[in-house]
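Structural overview
For reference, the chains in residue letters:
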Amino acid sequence: AQSVTQLDSQVPVFEEAPVELRCNYSSSVSVYLFWYVQYPNQGLQLLLKYLSGSTLVKGINGFEAEFNKSQTSFHLRKPSVHISDTAEYFCAVRGGFKTIFGAGTRLFVKA
Amino acid sequence: NAGVTQTPKFQVLKTGQSMTLQCAQDMNHNSMYWYRQDPGMGLRLIYYSASEGTTDKGEVPNGYNVSRLNKREFSLRLESAAPSQTSVYFCASSAATYRTSGSTDTQYFGPGTRLTVL
């Protein structure tokens, strides 16, 4: 069985500060990991995904994530956030056609 | 190129009423999905269709039916709505087929339908 735990439900941060959104997963099969972003009243957009190879994955809007197999983590980071990054972020693990999403982390960027 | 479109955007139903949520994609994708999003629970898969004419249950299929009308369209039907089905419903599509198993491809999401059942 697969599961995803997002360790923070809300993360407030000041503009231009760094941010890390934490995600732990469990999976008994090959691991394919995703981060999605959801802006208010919109659907989800893919930020980045890890399939294999380099454990540091770069995505859109300056975000990156690191796959850590020993700690079963896939934390999302950005070195300097903008007001426009305010959104909800979802970590997900994929097996076949079924995606298991975490509960989401709301990122609030304050001026 | 509209991507994934959903209708309606909002809907209010009374308990016991029925309705169909419509979804269409113009990306020539093989697979389509229906999710529901509830506060604090992320998205949960209701049903998916890996090809025209096939459908499979996801994590929370009870109380729902689906139809893959053609390659473009995938509808979700609530036969007898219940307050527990109050949620935001998202349709998604991807290029995956049964042969490619779907694990690695990108899903594209529609804007959602906000459904309230009184």
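Owing to the predicted nature of the structure, the values given are computational and were not obtained by experimental measurement.

The next subject is the pattern of salt bridges. All names here are of chain A. For the structure on display, the rule yields 10 salt bridges over all chains. A salt bridge links K58 to E64; its shortest N-O distance comes to 2.9 Å. Linked through salt bridges whose partners overlap, the residues forming this network are E20, E66 and R77.

Cis rather than trans, the peptide bond between B:T7 and B:P8 has omega equal to -5°. Mapping B:P8 onto the fold places it in the loop between β1 (4–7) and β2 (10–13). With a phi close to 75°, A:E16 is a non-glycine residue in the positive phi region. Mapped onto the elements, A:E16 comes out in the loop between β2 (10–14) and β3 (19–21). A relative accessible area of 62% places A:E16 in the exposed class. Residue A:N61 is not a glycine yet carries a positive backbone phi of 60°.

In the predicted model, chain A carries a mean pLDDT of 92, and the fraction of residues at 70 or more is 100%. Considering each helix and strand of chain A separately, the mean pLDDT is smallest for strand β11 (residues 98–101) of chain A, with a value of 88, and largest for β3(A), with 98.

Residues and elements named next belong to chain A. With respect to the element layout, S73 can be found in strand β9 (residues 73–78). Among the residues examined, S73 registers a relative accessible area of 4% and is labelled buried. Not counting chain neighbours up to four residues away, the residues in contact with S73 comprise C23, N24, Y25, E66, F67 and N68.

Moving on: the interface of chain A and chain B. Taken together, the contact between chain A and chain B spans 22 residues of the former and 29 residues of the latter. Roughly 1900 Å² is buried in total at the junction of chain A and chain B, and carbon and sulfur atoms are behind 56% of that figure. Contact with chain B buries surface across chain A, with A:R94, A:F97 and A:F101 losing the most and accounting together for 35% of the total. The interface formed by chain A and chain B holds one salt bridge in total. With its nearest N and O atoms 2.8 Å apart, the salt bridge here joins A:R94 to B:D105. On the surface where chain A and chain B come into contact, there are three residue pairs in polar contact (both at pLDDT 80 or more). Along the lines of polarity and charge, the residues of the side of chain A that touches chain B split into 11 nonpolar, eight polar and three charged.

About the criteria used
- Residues numbered from 1 in each chain as written.
- Chains lettered and ligands numbered in written order.
- Predicted model: local features only at pLDDT ≥ 70, side-chain atom pairs only at ≥ 80, totals over all residues.
- Heavy atoms only, no water.
- Salt bridge = Lys/Arg side-chain N within 4 Å of Asp/Glu carboxyl O.
- Helix = DSSP H or I, 4+ residues; strand = E, 2+ residues; numbered from the N terminus.
- Buried < 20%, exposed > 50% of the residue type's maximum accessible area, 1.4 Å probe, protein only.
- pLDDT = per-residue confidence, 0-100.
- Contact = heavy atoms within 4.5 Å.
- Buried area = accessible area lost by both parts, 1.4 Å probe.
- Polar contact = N/O pair within 3.5 Å; in protein donor to acceptor, adjacent residues only side chain to side chain.
- Nonpolar A, V, L, I, M, F, W, Y, C, P; charged D, E, K, R; others polar.

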